[in-house]
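# Remarks on the overall topology
Below, each chain spelled out in residue letters.
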Amino acid sequence: MKGKKIEDGENCFVPTSEIIAVEETDLNKKQHNSGKWQKMAKPHAFTVYYVKKARNHRWWCSDVTFWCVDEQLCNQWIQALKELLELQKARPKQLLVYINPYGGKRQGKRIYEQKVAPLFSLASISTDVFITERANHAKDNLFEVNINKYDGVVCVGGDGMFSEVMHGLIGRMQKDSGIDQNNPKAPLVQCNIRIGIIPAGSTDCICYSTVGISDPVTSALHIIVGDSQPLDVSSVHHNNTFLKYTVSLLGYGFYGDILKDSEKKRWMGPMRYDYSGFKTFLSHHCYEGTISFQPAKHTLGSPRDKDSCRTGCHICRQSEQQLAEQRKKCGLKHEEDEEEWKVIKGKFLAINVVNMSCACPRSPKGLSPAAHLADGSADLILVRKCSRFDFLRYLVRHTNQDDQFDFSFVDVYRVKSFQFTSKLLEDNESDVTDIGKKHFGQFCRDHPACCCNIANSTWNCDGETLDSSAIEVRVHCQLMKLFARGIEENCKEASRNQSRVEQLL
Ligand SMILES: CCCCCCCCCCCCC/C=C/[C@@H](O)[C@H](CO)NC(=O)CCCCCCCCCCCCCCC
Ligand SMILES: Nc1ncnc2c1ncn2[C@@H]1O[C@H](COP(=O)(O)OP(=O)(O)OP(=O)(O)O)[C@@H](O)[C@H]1O
Ligand SMILES: [Ca+2]
């Protein structure tokens, strides 16, 4: 925390919504060796802790101390400011915190204790902290706790840890409402308890894509000020059996293979993804299958838009309204039953379905830069069979300003539902006796010019593997909420203005 002292004739401007706490200042602890206050017999002071916005969406906690000769006046100020803070009704008072001590670089516990807990305590937030001892511990626990006691759930870890907490909360919500998650068409009940993410994982894509930076202090401050960002969630089913929910990447081929290989190298920490990424890139496998999807007609946006989803996004708001109206018109009928399906068959290096941009430190603009957080749609990115060199050109564009969709072998669609069946499965399931067709994969492997793999790939679902390759996916508009506000526009500008105001007043 950086502090400053406001003296005679100076002013400081801080919006109430960005005040973290107000405290009487202990002048015995605080040095007051400047100016006229030194001469004063018994000065009084109070400190206002507030959000300071820096570059690249980073927030930190700053403080300003106000000095005064009159004790009563000082107390009146403290009282008035505390009352103003009480009016900030969206702020959480009681949080349930889950820490994965083994995520990312295994720093979750230290990050929470050193960087986050002091801020929560400054903001008078009470916490029940739970350190996980095994995978799915947090998820299982969420089915048992008295959830109504809390104003939010915080997960300290990576995307996998977030996924656990999300499954716990959404699953609990459906169970309590008698909704069968195995029914792919079931209208899921929205989850109103917000989740906060303290990034301590390997990719931290969900945090990065919803806050703009992967930084524990910034995330803690978004929780403290009570931000709220609705988020689309997609459900994944196989043969009327629920598999998983996803909010970031559902990837087959390249990202599925990276994940599968990297799971054996967990000991390498976040580096495992680069190692397995390089290996998978060299192996250059493609997979054959059939994709069907329903285009998202309710949303105004397109994946090739130049503008991306920002705080208070109007595309998300209007798309959600449009969907609600459609649902009203259709009554009990499933509106998706009426809509057309598009079918695409082919050989793909990667099939990615993303509910958000999937921006992360490795790729600050993400897999689909114009994807929206809460518009009830996902972007389906198909990378068809191409040369290694072309695939590398495609990958490199995730790290620079060039358009990664501007390739003849890349197609992108905005969808509301999606299905995939691998060729291998189609062949095994069909009654065709043609041996050649049944062993298509084998032919491909034997054919030197073809890189199609005999085996299936695996689905990477927010960093977890799925057991089935044939899946059915549905986007559920704004199914849950995060303690975040999306990416703020002109962040640099905002921070420059704030400091200018502070200097001027
Ligand atoms: C030449 C450089 C090209 C760099 C291309 C970078 C593209 C990076 C795109 C990242 C997208 C992340 C999507 C988020 C997925 C999360 O739900 C999930 C769980 O945390 N993370 C991963 O699956 C973890 C996925 C990790 C992916 C790492 C990919 C690394 C690729 C390296 C390819 C090297 C080729 C070099 C050839 C000389
Ligand atoms: N105590 C624990 N022991 C082992 N595994 C755990 C424990 N707690 C949680 N997990 C599991 O660890 C997995 C990975 O955790 P996490 O997402 O935090 O880190 P990561 O995989 O390094 O990061 P990212 O998902 O951002 O790539 C999660 O799927 C979670 O279920
Ligand atoms: Ca979306």
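Residues numbered from 1 in each chain as written. Chains lettered and ligands numbered in written order. Predicted model: local features only at pLDDT ≥ 70, side-chain atom pairs only at ≥ 80, totals over all residues. Heavy atoms only, no water.

Named according to an unreviewed UniProt entry, the chain is Ceramide kinase originating from Apteryx owenii.

### Notes on the site of ligand 1
Residues in contact with ligand 1 amount to 21 residues; listed here are only the nearest, Asp159, Thr203, Ser248, Asn460 and Gly463. Contact between ligand 1 and Thr203: an oxygen atom at 3.1 Å from a side-chain N or O atom of the residue. In isolation ligand 1 has 850 Å² of accessible area, and contact with the protein removes 84% of it. Among the secondary structure elements, those contributing two or more residues to the shell around ligand 1 are helix H7 (254-263), helix H8 (271-283) and helix H11 (388-396). Residues of the shell around ligand 1, tallied by class, amount to 12 nonpolar, 6 polar and 3 charged. (Near = heavy atom within 4 Å. Polar contact = N/O pair within 3.5 Å; in protein donor to acceptor, adjacent residues only side chain to side chain. Areas by Shrake-Rupley, 256 points an atom, 1.4 Å probe, with all protein chains shown as cover. Helix = DSSP H or I, 4+ residues; strand = E, 2+ residues; numbered from the N terminus. Nonpolar A, V, L, I, M, F, W, Y, C, P; charged D, E, K, R; others polar.)

### Observations concerning the UniProt feature "domain: DAGKc" (unreviewed entry) in the chain
According to UniProt, the positions carrying the feature "domain: DAGKc" (unreviewed entry) are residues 90-240. For residues 90-240, helix accounts for 36% and strand for 23%, while the C-alpha atoms at its two ends are 38 Å apart. (UniProt positions renumbered as here; feature names shortened; annotations may be inferred.)

### Re the side chain of Asn352
Topologically, Asn352 is positioned in strand S13 (residues 342-354). Residue class for Asn352 comes out buried when judged on its relative accessible area of 0%. Look past the residues within four positions of Asn352 in its chain and what remains in contact with it is Leu249, Leu250, Gly251, Tyr252, Tyr255, Asp379, Leu380, Ile381 and Tyr394. (Buried < 20%, exposed > 50% of the residue type's maximum accessible area, 1.4 Å probe, protein only. Contact = heavy atoms within 4.5 Å.)

### Points about the environment of Met268
Structurally, Met268 can be placed in the loop between H7 and H8. Between the C-alpha atoms of Met268 and Lys105, which are 163 residues apart in sequence, the distance is 8.9 Å.

### So, the site of ligand 2
What surrounds ligand 2 is a group of 23 residues, the closest being Thr132, Gly158, Glu164, Ser202 and Glu464. Glu164 is positioned with one of its side-chain polar atoms (N or O) 2.3 Å from an oxygen atom of ligand 2. A distance of 3.0 Å is found between an oxygen atom of ligand 2 and a backbone nitrogen or oxygen belonging to Thr203. Out of a free accessible area of 630 Å², ligand 2 has 89% covered by protein chains. Elements with a minimum of two residues in the shell around ligand 2: helix H4 (159-176) and H8. Taken together, the residues of the shell around ligand 2 break down into 5 nonpolar, 10 polar and 8 charged.

### Let's talk about the pattern of salt bridges
Two side chains of opposite charge can pair, provided their charged atoms sit close to one another. Counting across every chain of the model gives 19 salt bridges. A salt bridge links Asp140 to Arg134; its shortest N-O distance comes to 3.1 Å. The salt bridge involving Asp411 is made with Arg384; its shortest N-O contact spans 3.2 Å. Placement of Asp411 in strand S15 (residues 410-422) and of Arg384 in strand S14 (residues 378-384) is noted, with a sequence separation of 27 residues between them. On the basis of relative accessible area, Asp411 is assigned to the partly exposed category, the value being 21%. (Salt bridge = Lys/Arg side-chain N within 4 Å of Asp/Glu carboxyl O.)

### Quick word on the packing of aromatic side chains
Aromatic rings considered in pairs are described by the distance between their centres and by the relative angle of their planes. In total, this model carries 17 aromatic pairs according to the counting rule given. Relative to Phe407, the ring of Tyr394 has its centre 6.4 Å away and its plane inclined at 75°; by these criteria the two rings are edge-to-face. Taken together, the residues Tyr394 in helix H11 and Phe407 in the loop between H11 and S15 connect sequence positions 13 residues apart. We note that Tyr394, like Phe407, is buried. Cation over ring: Arg272 sits above Tyr273, and NZ or CZ is 4.4 Å from the ring centre. (Phe/Tyr/Trp six-rings, centres within 6.5 Å; stacked < 30°, edge-to-face > 60°. Lys NZ or Arg CZ within 6 Å of the ring centre and 35° of its normal.)

### Concerning the side chain of His44
Mapped onto the elements, His44 comes out in strand S3 (residues 44-53). Aside from chain neighbours lying at most four places away, what touches His44 is Leu27, Phe66, Trp67, Cys68, Val69, Asp70, Glu71 and Cys74.

### Topic: the coordination of the calcium ion (ligand 3)
Donor atoms from the polypeptide that bind the calcium ion (ligand 3) are Asp232 (OD), Asn355 (O), His372 (O), Asp375 (OD) and Ser377 (O), placed at 2.3 to 3.0 Å. In primary-sequence terms, the residues that donate to the calcium ion (ligand 3) follow D-x122-N-x16-H-x2-D-x1-S. Accessibility expressed as a relative area gives 3% for His372, which makes it buried. With a relative accessible area of 2%, Ser377 lands in the buried category. (Donors = N, O, S within 2.8 Å, 3.2 Å for Na, K, Ca; no water.)

### A few points about unusual backbone geometry
Backbone geometry places Asp204, a non-glycine residue, at a positive phi of 50°. Tracing the chain through its elements places Asp204 in the loop between strand S8 (194-199) and helix H5 (205-211). Phi is positive for His284, close to 50°, though the residue is something other than glycine.

### Focus: the environment of Ala350
Considering the arrangement of structural elements, one finds Ala350 in strand S13. Each C-alpha atom of the pair Ala350 and Glu339 lies 26 Å from the other, and the pair is 11 residues apart in sequence. Among residues more than four places away in sequence, those in contact with Ala350 are Tyr252, Phe254, Ile381, Leu382 and Val383.

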